[in-house]
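# Commentary on secondary and tertiary structure
Here is what each chain is made of, one letter per residue.
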Amino acid sequence: MSSRIRCPLLATRLASADHAAGFIQPGMTVGMSGFTGAGYPKQVPQALAARIAAAHERGERFGIRMLTGASTAPELDGVLARTGGIDFRLPYQSDPELRERINRGQIDYMDIHLGHVAQFARSGFFGKIDVAVIEVAASLPDGRLVPSTSVGNNATWLELADTVILEVNADQPAALEGMHDIASCPAPPHGVPIPLTTPGQRIGEPYLQVDPAKVVAVVETRGPDRLTPFAAPDDTSRRIAGHLVEFFRHEVARGRLPANLLPLQSGVGNIANAVLEGLREGGFEQLTAYTEVIQDAMLGLVRDGLITTASATALSLSPAGVADFVAHIDHYRQRIVLRPQEISNHAELIRRLGCLALNGMVEADIYGNVNSTHVAGTRIINGIGGSGDFARNSFIGCFMTPSTAKGGAVSTIVPMVSHVDHTEHDVSVVVTEQGLADLRGLSPRQRAHAIIGHCAHPDFRPLLQDYVDRAWVHSKALHTPHLLPEALSWHQRLLDTGSMRP
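First things first, this report covers the structure right here in the doc. (Residues numbered from 1 in each chain as written. Predicted model: local features only at pLDDT ≥ 70, side-chain atom pairs only at ≥ 80, totals over all residues. Heavy atoms only, no water.)

### Regarding the pairing of strand β5 (residues 131-139)
Rule in force here: Partly exposed residues are those whose accessible area sits between 20% and 50% of the maximum for their type, while under 20% is buried and over 50% is exposed, using a 1.4 Å probe and protein chains only. Only DSSP runs of H or I reaching four residues or more are called helices, and only runs of E reaching two or more are called strands; each is numbered from the N terminus. A pair of strands counts as paired when DSSP detects no fewer than two bridges linking them.
Taking burial as the measure, the 9 residues of β5 include 9 buried ones, the bulk of the element. Pairing of strand β1 (residues 29-32) with β5, which is carried by 3 bridges, proceeds in the parallel orientation. Paired with G31 across the two strands is A132, which belongs to β5. Pairing between β5 and strand β7 (residues 163-169): 5 bridges, direction parallel. Counterpart to A132 in the pairing with β7 is V164.

### Focus on helix α3 (residues 44-57)
For clarity, the threshold we go by: Expected helix span is taken as 1.5 Å per residue step, with the number of steps being one fewer than the number of residues.
The end-to-end C-alpha distance of α3 is 20 Å, a good match for the 20 Å that 14 residues give at a rise of 1.5 Å each. Where α3 is concerned, the buried positions are V44, P45, A47, L48, A49, I52 and A55. Downstream of α3 by a residue or two, G59 has a phi angle that is positive, lying close to 85°.

### Notes on helix α8 (residues 235-253)
Rules: In this description, one arc is meant: the one made by directions from the helix axis to the C-beta atoms. Contact between two residues is taken to exist if any of their heavy atoms lie within 4.5 Å; hydrogens are not considered.
Look at α8: 27 Å from first C-alpha to last across 19 residues, which is about the 27 Å you get at 1.5 Å a residue. Of all the positions in α8, only S237, I240, A241, L244, V245, F247, F248 and E251 are classed as buried. Viewed end-on, α8 has its buried residues packed into an arc of 160°, placing them on one side of the element. Buried residues belonging to α8 abut α9 (270-281), β15 (356-360), β20 (396-400), β24 (429-432) and β25 (435-438).

### Comments concerning the environment of S71
Its location among the elements puts S71 in the loop between β2 (64-67) and α4 (74-82). Judged by relative accessible area, S71 falls into the buried class, the value being 2%. Between the alpha carbons of S71 and T378 there is a distance of 20 Å; along the sequence they are 307 residues apart. Ignoring sequence-local partners within four residues, the contact set of S71 consists of G34, F35, T36, G37, D77, R89, Y92, Q93, S94 and R226.

### Overview of the environment of V420
Position of V420 relative to the elements: it lies in the loop between β23 (413-414) and β24. When the C-alpha atoms of V420 and R351 are compared, they prove to be 22 Å apart, with 69 residues separating the residues in sequence.

### Re the packing of α4 against helix α5 (residues 96-103)
When two helices pack together, their arrangement is captured by the angle between the axes and the distance separating the axes. Selection criterion: Helix axes are fitted only over the stretch in contact, all axes being lines through C-alpha atoms; the angle between N-to-C directions runs from 0 to 180 degrees. Each angle is binned into one of four classes, with values under 35 degrees roughly parallel, values over 145 roughly antiparallel, values of 65 to 115 roughly perpendicular, and all other values oblique. Crossing handedness is read from the near helix: turned anticlockwise from the far helix by less than a right angle, it gives a left-handed crossing, and turned clockwise, a right-handed one. As a working rule, the residues Ala, Val, Leu, Ile, Met, Phe, Trp, Tyr, Cys and Pro are called nonpolar, Asp, Glu, Lys and Arg charged, and the rest polar, with Gly in that last group.
Taken N-terminus to C-terminus, the directions of α4 and α5 make an angle of 45°; their axes are 7 Å apart at the nearest point. On the basis of the axis angle, α4 is oblique to α5. α5 is crossed by α4, and the crossing has left-handed handedness. When α4 is examined against α5, the residues D77, G78, A81 and R82 are found in contact with a partner set consisting of E97, L98 and R101. Here the residues of the contact of α4 with α5 are counted per class, giving 2 nonpolar, 1 polar and 4 charged.

### Looking at the sheet that holds strand β17 (residues 370-371)
With respect to topology, 3 strands assemble into an open sheet ordered β17-β16-β23, the strand pairing being mixed. The open sheet is flanked by β17 and β23, the only strands paired with a single partner. Pairing geometry for strand β16 (residues 363-365) and β17, over 2 bridges, is antiparallel. Note on β17: the bridge partner recorded for E363 is N371.

Put into structure tokens, the structure is as follows:
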């Protein structure tokens, strides 16, 4: 491990996880590394959870405000939520224990666009950052840090925190060095144009910077990232992918997209993986990606040369994907750039590059509004993540989902979404296994016709058409016709009976 800690000053701060956790006191705001299960601290959060549990047994109150890059893992979010140690959390989460406590009202949760977090933190919107706990792969002799498998908000936490705890993880490949491009965006009114015009361009340096005087503990760790296996694409996912591939072919034929498309942004999940595999099968070549997370399918496209350059802020790979990444890391280091999320998700860059945004959703309504975060309007699932950053600023924003859920009891196309994350103004395309609705250039009533006709499941299509027909007669105004007493009745029926079916 000594070869990973090459800075003499940092080597004098070697400490156990228990000792390091002692620097975190009740009520503190703590910035943790981690983005979609990659690059999160493995040991200090568990030691902190043990301290919190012991304090609670003594009848003492002990909770922290925790800020991250995105979701982490059970060793961080899960263990701290289970001990009752989190009072406040942002910006994105996926841990079942944490989610349940948020929905029970035991933890305050702020869902926020990932691209906004760093700027808001620098501007003081979240108060003072007391401690940063950051996983890195190594330190250089001069104190610079080799980032791990995610960058997220790490540079921001290191900049703003009063004190810093580092976890140096020997299980992260040392050959990650050189894969990162660390740059930041000054808060207003000091902002300047970001000089990035292609996905693979580098505008910063490969290392994180930290004031060594702020580092109070360096913990040597070993441990893999949370490894999530992906299911093989099912027929529904393949049909969704097929509709999108055909749409892109049409756009190329019409001259609205180049033959190698535009930089791809792909959300997390099995449908996103299926779409990327569909691009392979569709014969597309010389693709690029400007996204948040690199999953297995995108990694495979990079390995095989179909994607020439991929920019992201984190890796989110299955065990097989990790093995492939490590085995060919020299190849990937020339083609993958990992950046802070304030750069990967920056509106200026997404708009300039003309990204094609491919994200999942919970439901869409007949006018093109999308809910991507809540069940029945009140129960948070994970959060908006970066889908809003990309949907609002992309060249084409696509949202994907199967047309039904819960064994056919739930329609994902509804009269009115129960929670709005992406308004009709930011949604270009809605696609299910039933078909694809291109909403560009359409009025609300035209969008309703396209979405019902192309995306709704046949079992629910007549019910949606009946709603629209009656709304167009009885609505007080006809620009966006609704029957307000009925608009959310499908969700109420779901809560009452477990099904949207009448």
